[in-house]
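# Tertiary structure, described
Next come the chains, spelled out residue by residue.
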Amino acid sequence: TRMEHITDLFHFQLEFLKLEKMEVSGLSGNIHSAQIQDIFTEFNEHIAAMQQKQYDALDIDSTEFDAEYDELLLRITDWDIRLATIICQNFDECCNPERAFKMLEMFYSLLDRPLIKEQFKDKYPQLVTMVEKELDTTKKIFDDLQSCLQAEKANKGKSSTTSGSRTVVEKNMPPVAGLLKWTQELRHRIQPPVEKLRKIPDQRVLETAQAKLVFVKYDEMLELLGLHDRGLFDDWAKDVSDISTANL
């Protein structure tokens, strides 16, 4: 109906106004930002031209508004296709989950537009793959340090909290506190991307076997980090009394 079309016009304006301040990062960030501004400018010019027309939009007998509305829909289809291309290209330049999720947050309001949603849907499985690789990398970092600590303990007869910790602990930190901080940093590396993955617009992707495996890996990694921290603390608590007495 005519009132629905007028309501659509206000909705379109609200959607496209969001393009005004979009600044895209990445290798092609300047190019993509300029392309978005071009679309924003074209939309504003088209709306301004419509506002200059003399017909009464509330006159249901007038066919001019309907013709203008149909032309606007065609232009919006073109703009949405161009926006979808920009968003997909920008996603393809993301080299890690952190940047990919920042990009999604920027374009979040546009991802529900039908044409953009259809063109971007194949990117969500790639996002799952990114998060899985981040988890695998974190697991390898954890395993490598555990191997290092065990080797030092076996070869030198030293406590894993006093020698192996030097490989990752900051120089001004005690060994146990430093290793606890290290595991905390690993948690901070994997928690944000997994939590953001749970909230992606296309929830169907979370039902795939790969996504379910990601969440299993995440839970297992958190459990390993927790066991590592408890082991460190227990070893420290076992010796702290003797160490304190010796230093008094």
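This one's a predicted model, so the numbers in the text were calculated from it and none came from an experiment. (Residues numbered from 1 in each chain as written. Predicted model: local features only at pLDDT ≥ 70, side-chain atom pairs only at ≥ 80, totals over all residues. Heavy atoms only, no water.)

## Considering the pattern of salt bridges
Between side chains of opposite charge, a pair can form when the charged atoms approach closely. Operational definition: In the sections that follow, a salt bridge refers to a side-chain nitrogen of Lys or Arg positioned within 4 Å of a carboxyl oxygen of Asp or Glu. Every helix listed is a DSSP run of H or I at least four residues long, and every strand listed is a run of E at least two residues long, numbered separately from the N terminus. With a 1.4 Å probe rolled over the protein chains alone, any residue whose accessible area is under 20% of its type maximum counts as buried; one over 50% counts as exposed, and the rest are partly exposed.
Under the definition given, this model contains 22 salt bridges. The salt bridge partner of glutamate 98 is lysine 102, with a shortest N-O separation of 3.7 Å. Taken as a pair, glutamate 98 and lysine 102 lie in helix 4 (residues 97–107) at a separation of 4 residues, close to a single helical turn. According to the relative accessible area criterion, glutamate 98 is exposed, its value standing at 54%. Ionic pairing is found between lysine 139 and aspartate 143, a salt bridge with its closest N-O pair at 2.7 Å. Of the two residues, lysine 139 and aspartate 143 are both situated in helix 6 (residues 123–156); the distance of 4 residues between them amounts to about one turn of the helix. What makes lysine 139 partly exposed here is its relative accessible area of 31%. Through salt bridges that share partners, Glu15, Lys18, Asp80 and Arg113 make up one connected network.

## Observations concerning the nonpolar core
Selection rule: We define the nonpolar core as a collection of buried residues of types Ala, Val, Leu, Ile, Met, Phe, Trp, Tyr and Cys that are connected through side-chain atoms lying within 4.5 Å of one another. Should any heavy atoms of two residues lie within 4.5 Å, those residues are counted as being in contact.
By size, the foremost hydrophobic cluster in this structure holds 60 residues, and its most contacted members are Leu19, Phe120, Leu127 and Leu197. Counting residues per element, the ones that place at least two in this core are helix 1 (2–17), helix 2 (29–51), helix 3 (64–92), helix 4, helix 5 (114–120), helix 6, helix 7 (175–197) and helix 8 (209–247). Broken down by element, this core gets its largest block of residues, 11 residues, from helix 3. The contact partners of phenylalanine 120, leaving out residues within four places of it in the chain, are Ile87, Cys88, Phe91, Met103, Leu104 and Leu111.

## Comments concerning the packing of helix 4 against helix 7
Note the threshold: Interaxial angles span 0 to 180 degrees and are taken between N-to-C directions of axes, which are lines fitted to C-alpha atoms, for helices over the stretch in contact. Any angle between 65 and 115 degrees counts as roughly perpendicular, while under 35 counts as roughly parallel, over 145 as roughly antiparallel, and the rest as oblique. Handedness of each helix crossing follows the sense of rotation of the near helix against the far helix: counterclockwise by less than a right angle gives left-handed, clockwise gives right-handed. Charged means Asp, Glu, Lys or Arg here, nonpolar means Ala, Val, Leu, Ile, Met, Phe, Trp, Tyr, Cys or Pro, and polar covers whatever is left, Gly included.
Packing of helix 4 against helix 7 brings their axes to within 10 Å, and their N-to-C directions diverge by 40 degrees. Taken as axis vectors, helix 4 and helix 7 run oblique relative to one another. For the element pair helix 4 and helix 7, the recorded crossing hand is left-handed. Within the contact between the two elements, helix 4 uses Pro97, Phe101 and Glu105 and helix 7 uses Pro193, Lys196 and Leu197. A breakdown of the residues in the contact of helix 4 with helix 7 according to their chemical character gives 4 nonpolar, no polar and 2 charged.

## Let's talk about empty space enclosed by the protein
Quick reminder of the rule: A cavity here means a set of 1 Å grid points, computed over protein atoms only, where a 1.4 Å probe fits but cannot escape. A pocket is an open set with protein on both sides within 12 Å along at least 5 of 7 lines, and lining residues have an atom within 4 Å of a point. Grid points are joined across faces, edges and corners, and a volume is the space filled by probe spheres set on the points.
Applying the stated criterion to the full structure yields 1 cavity of 30 Å³ or more. Counted as a void, the largest cavity has a volume near 40 Å³. Lining the largest cavity are Leu111, Lys117, Lys121, Tyr124, Pro201, Asp202 and Arg204. Classifying every residue of the lining of the largest cavity gives 3 nonpolar, no polar and 4 charged.

## With respect to the side chain of aspartate 202
Looking at the element boundaries, aspartate 202 is found in the loop between helix 7 and helix 8. Beyond its immediate stretch of four places on either side in the chain, aspartate 202 contacts Lys121 and Tyr124.

## Structural notes on the packing of aromatic side chains
Here is the rule: Any pair of Phe, Tyr and Trp rings, taking the six-membered ring for Trp, is counted once the centres come within 6.5 Å. Such a pair is stacked with planes under 30 degrees apart, edge-to-face with planes over 60 apart, and tilted for the rest.
Within this structure, the stated rule accounts for 7 aromatic pairs. Ring plane angle 65 degrees and centroid distance 5.7 Å describe the contact between phenylalanine 16 and tryptophan 79, whose orientation is recorded as edge-to-face. You can see phenylalanine 16 sitting in helix 1 and its partner tryptophan 79 sitting in helix 3, a full 63 residues away along the chain. Residue phenylalanine 16 shares its accessibility class with tryptophan 79, and that shared class is buried.

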